[in-house]
Amino acid sequence: MTRNPQLDMKAREILERNDLGGYTVPTHGLYPFQWNWDSAFVALGFAPFDMDRAWQELETLVAGQWADGMIPHIIFHRDDAGYFPGPDMWASGTTPPTSGITQPPVLASIVRQLWEQEGAAPDHPRLAPLYQACLRSHRWFHRFRDPLGNGLVMATHNWETGRDNSSEWDDALARIDASRVGAYQRRDTGHVDAAMRPRQHEYDRYVAILEFGRASGWDHRRIADSGPFRMIDVGMSMILLRANRDLLVMAEALGDAAAAGELRQQIARAESGMDWLWNEEVGAYCSRDATTHESSGLVTNASFLGFYAGVGNRHQQARLIDALERISRGTAYLLPSLETGSRAYDHRRYWRGPIWLVVSYMVAQGLAEQGHADWALRIASDSAKLIEQFGFFESFSPETGEGSGGADFSWTAAMWLAWCGR
Ligand code: DGY
């Protein structure tokens, strides 16, 4: 891939413009606060030109960590009436105010990357506090979000998965009673075309799940045991396994033998537990309902995070590559968030088809590590083309390449600077 200094500059300007002082909004208007996994990826984007600012992004994120160890999905450092549901709706009772749910735990993997970029010294001054924050967050996942005891991660709100309206959640959401949800005003569709956002009946259910958590006083035990949404998410499960591997490297470097032992156990548990998500019929890892045990049977971009997590025997990896090949024949650009032609596929609607570069990045990283450099390169070069031709959008159509959702998006700029534009 050839370097493009103009786009490097533009990407950098986007991060600087979205920087509200120590933390970065994903995009102005649509998402005016600090989001958990957005910030982690954004740190990778700052790293090539401002390492101090990269670390700071992660430090402001963990400043919102709860006493029980959860790192929330949104941190409301300051209020903004242009977003729903805002701090009053979540009523976290914390300082700073936050949401009451989490997001995919990519943080430890990104801390490791920054630390290694700076030489991987065990006494690196920024490492220890972030390492501790990650350890507490991973323990929270193992304590509250592993209902089957097999190391896989249960999401208790679809927003936790980051893949908000993936059709993997449709059946679980359809069972949720939204009749008691009070009147509310969505803000997202005032910022971007409603055809690119979740539908109203889905949104009502998102709010109903939120209201259950709030009514419990954000009692994470109660939410896990009897909440209305209990999905074992393939994306979060793969990401936590990967993050545990990365955290283990840091635990060993820091000489934290007790934590290292604990992490090795968790890794072994998830490595053998992951087969519970394997769907032989479709030849991919799919999310599964923790209550009904039904597999979604849908091939999504998260299915391919198996490579990133380092799981799958030869047969499973070969079937995943078959699926990738099949998907690449049906679309102009990789990697769509839902297989073309599958139920509910829509090339413009959020996580029902559009390409999201952060998932593409993790998948490409995993493919390269597992000996599929050709596929990793194909995904990286498609990602670069999307930015070159259409700009730094939130997501992109796998058919036409056109951008969808917010423009001048922080994590897309970060992916350019850290990965596909290099
Ligand atoms: C939104 O508001 O759509 C966010 O994705 C929730 O985290």
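I will try to describe carefully the structure that is included in this document. No experiment lies behind these values; they were computed from the predicted model shown.

1. What about the site of the ligand?
1) Next: Taken together, Tyr31, Trp35, His73, Tyr83, Trp159, Asp164, Arg197 and Tyr350 are the residues near the ligand.
2) Next: Between the ligand and His73, the relevant distance is 2.8 Å, taken from an oxygen atom to a side-chain nitrogen or oxygen of the residue.
3) Next: A distance of 2.5 Å separates an oxygen atom of the ligand from a polar atom in the side chain of Asp164.
4) Next: Contact with the protein chains covers 95% of the free accessible surface of the ligand, which is 230 Å².
5) Next: The pocket occupied by the ligand, as judged from atoms lying within 2 Å of grid points, is the largest cavity.
6) Next: Along the lines of polarity and charge, the residues of the shell around the ligand split into five nonpolar, one polar and two charged.

2. As for empty space enclosed by the protein
1) Next: Considering all chains together, one arrives at six cavities of 30 Å³ or more under this definition.
2) Next: A volume near 210 Å³ is recorded for the largest cavity.
3) Next: Along the wall of the largest cavity there are 19 residues; nearest its centre are Tyr31, Trp35, Gln103, Asp164 and Tyr350.
4) Next: For the lining of the largest cavity, a count of residues per class yields twelve nonpolar, three polar and four charged.
5) Next: Of the volumes computed, that of the second largest cavity is approximately 110 Å³.
6) Next: Taken together, Glu168, Asp171, Ala172, Arg175, Met231, Asp289, Thr292, Glu294, Ser295, Ser296 and Arg343 make up the lining of the second largest cavity.

3. Observations concerning the environment of Ala364
1) Next: For Ala364, the position within the fold is in helix H15 (residues 357-369).
2) Next: The spatial distance from the C-alpha of Ala364 to the C-alpha of Arg378 is 8.6 Å, given a sequence separation of 14 residues.

4. What about the packing of aromatic side chains?
1) Next: Summed over all chains, the structure comprises 29 aromatic pairs.
2) Next: Judged by centre distance (5.0 Å) and plane angle (15°), the rings of Phe84 and Tyr184 are stacked. One end of the pair, Phe84, is in the loop between strand S2 (74-75) and helix H4 (87-90); the other, Tyr184, is in the loop between helix H7 (170-174) and helix H8 (188-191), and 100 residues separate them in sequence.
3) Next: We classify Phe84 as buried; its relative accessible area is 11%.
4) Next: The class of Tyr184 is partly exposed, set by a relative accessible area of 21%.
5) Next: Ring centres of Trp169 and Phe229 lie 6.1 Å apart, and the angle between their planes is 80°; on these two criteria the pair is classed as edge-to-face. Of this pair, Trp169 sits in the loop between strand S3 (154-155) and H7 while Phe229 sits in the loop between helix H10 (220-226) and strand S4 (231-232), and the two are 60 residues apart along the sequence. Side by side, Trp169 and Phe229 carry an identical accessibility label, which is buried.
6) Next: The cationic tip of Arg197 hangs over the ring face of Tyr350; the distance from NZ or CZ to the ring centre is 4.4 Å.
7) Next: Between the NZ or CZ atom of Arg288 and the centre of the ring of Trp276, over which it lies, the distance is 3.9 Å.

5. As for the pattern of salt bridges
1) Next: Tallied over the entire structure, the rule returns 31 salt bridges.
2) Next: A salt bridge links Arg352 to Asp170, with the nearest nitrogen and oxygen atoms 2.7 Å apart. With Arg352 in the loop between helix H14 (314-330) and H15 and Asp170 in helix H7, the pair connects residues that are 182 residues apart, well separated along the chain.
3) Next: With relative accessibility at 7%, the residue Arg352 sits in the buried group.
4) Next: A salt bridge links Arg352 to Glu202; the nearest nitrogen and oxygen atoms lie 2.8 Å apart. Of this pair, Arg352 sits in the loop between H14 and H15 while Glu202 is found in helix H9 (residues 200-215), placing the two residues 150 residues apart along the sequence. Accessibility classification places Arg352 together with Glu202 in one group, the buried group.

6. Digging into helix H12 (residues 257-273)
1) Next: An ideal rise of 1.5 Å per residue puts 24 Å on 17 residues; H12 measures up with 24 Å between its terminal C-alpha atoms.
2) Next: Among the residues making up H12, those that are buried are Ala259, Ala260, Leu263, Gln266, Ile267, Ala270 and Gly273. Within H12, the buried residues cover an arc of 155° as seen down the axis, which keeps them to one side. In H12, the exposed positions that point more than 90 degrees away from the buried face belong to Ala257, Ala258, Gln265 and Ser272.
3) Next: Summarising the contacts, the buried residues of H12 are in contact with helix H6 (127-144) and helix H11 (234-254).

Rules and cut-offs
Residues numbered from 1 in each chain as written. Predicted model: local features only at pLDDT ≥ 70, side-chain atom pairs only at ≥ 80, totals over all residues. Heavy atoms only, no water. Near = heavy atom within 4 Å. Polar contact = N/O pair within 3.5 Å; in protein donor to acceptor, adjacent residues only side chain to side chain. Areas by Shrake-Rupley, 256 points an atom, 1.4 Å probe, with all protein chains shown as cover. 1 Å grid on protein atoms, 1.4 Å probe; cavity = no way out; pocket = protein on both sides within 12 Å on 5 of 7 lines; lining within 4 Å. Sits in = over half its atoms within 2 Å of the grid points. Nonpolar A, V, L, I, M, F, W, Y, C, P; charged D, E, K, R; others polar. Points joined across faces, edges and corners; volume = space filled by probe spheres on them. Helix = DSSP H or I, 4+ residues; strand = E, 2+ residues; numbered from the N terminus. Phe/Tyr/Trp six-rings, centres within 6.5 Å; stacked < 30°, edge-to-face > 60°. Buried < 20%, exposed > 50% of the residue type's maximum accessible area, 1.4 Å probe, protein only. Lys NZ or Arg CZ within 6 Å of the ring centre and 35° of its normal. Salt bridge = Lys/Arg side-chain N within 4 Å of Asp/Glu carboxyl O. Expected span 1.5 Å × (residues − 1). Arc of directions from axis to C-beta. Contact = heavy atoms within 4.5 Å.

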